[in-house]
Amino acid sequence: QVQLVESGGGSVQAGGSLRLSCVASASTYGRYSMAWFRQAPGEEREGVASVDSRGRLTLYADSVKGRFAISQDNANTVSLQMNSLKSEDTAMYYCAATPWTRGLRASDYNFWGQGTQVTVSS
């Protein structure tokens, strides 16, 4: 129903910043809650941040609170600003969408992007 494309990943030194972008094939405003997840090799996929369908309410994993910020930039774009990056933030980051809920559980989301790699060097 909606296609998602992530961009903005790359390699950065510890303490640096990156901004990830998720562009949807149609407007998500008022229709889909959006979230960012990440998965490192050999580890479970974890929820990073989510925002409700109107860009008002947000949730963050404890591991990124105070460092990451999710925002709805326009009707079809959600971003994840990542500051003070640590080596443990290294992972494939995925954008996800769901029309029915808001949270950080991967099983609640039914639309996914292809992922963008973030590598943080210490």
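Here the structure is a predicted model, which means the values were calculated and not measured. (Residues numbered from 1 in each chain as written. Predicted model: local features only at pLDDT ≥ 70, side-chain atom pairs only at ≥ 80, totals over all residues. Heavy atoms only, no water.)

A. Broad picture of the nonpolar core. Counting residues in each nonpolar core, the largest one holds 29 residues, and the members touching the most others are Leu 4, Met 34, Trp 36, Leu 80, Met 82 and Tyr 93. Contributing elements (two or more residues each) for this core: β3 (18-24), β4 (33-39), β5 (46-51), β7 (68-74), β8 (77-82), β9 (91-98) and β11 (116-121). (Core = buried A, V, L, I, M, F, W, Y, C linked by side-chain atoms within 4.5 Å. Buried < 20%, exposed > 50% of the residue type's maximum accessible area, 1.4 Å probe, protein only. Helix = DSSP H or I, 4+ residues; strand = E, 2+ residues; numbered from the N terminus.)

B. Quick peek at the packing of aromatic side chains. Tallied over the entire structure, the rule returns four aromatic pairs. Taking 5.0 Å as the distance between ring centres and 50° as the angle between the ring planes, the aromatic pair formed by Phe 37 and Trp 112 counts as tilted. Residue Phe 37 is located in strand β4, and its partner Trp 112 is located in strand β10 (residues 111-112); the two are separated by 75 residues in the primary sequence. Overall, the relative accessible area of 0% leaves Phe 37 in the buried class. Since its relative accessible area comes to 29%, Trp 112 is described here as partly exposed. A cation sits over an aromatic face here: Arg 45 above Tyr 94, 4.2 Å from the ring centre. Directly above the ring of Trp 112 sits Arg 45, whose terminal nitrogen or CZ lies 4.8 Å from the centroid. (Phe/Tyr/Trp six-rings, centres within 6.5 Å; stacked < 30°, edge-to-face > 60°. Lys NZ or Arg CZ within 6 Å of the ring centre and 35° of its normal.)

C. The sheet that holds β8, seen in detail. Strand order in the open sheet formed by four strands is β1-β3-β8-β7, and the pairing between neighbours is antiparallel. Two strands close off the open sheet at either side, each with one partner strand: β1 (4-7) and β7. Ignoring which end each strand starts from, the neighbouring axes of this sheet average 20° apart. Pairing geometry for β3 and β8, over six bridges, is antiparallel. Residue pairing across strands places Val 23 opposite Thr 77, the latter belonging to β8. (Pairing = 2+ DSSP bridges. Axes fitted to C-alpha atoms, helices over the stretch in contact; angles between N-to-C directions.)

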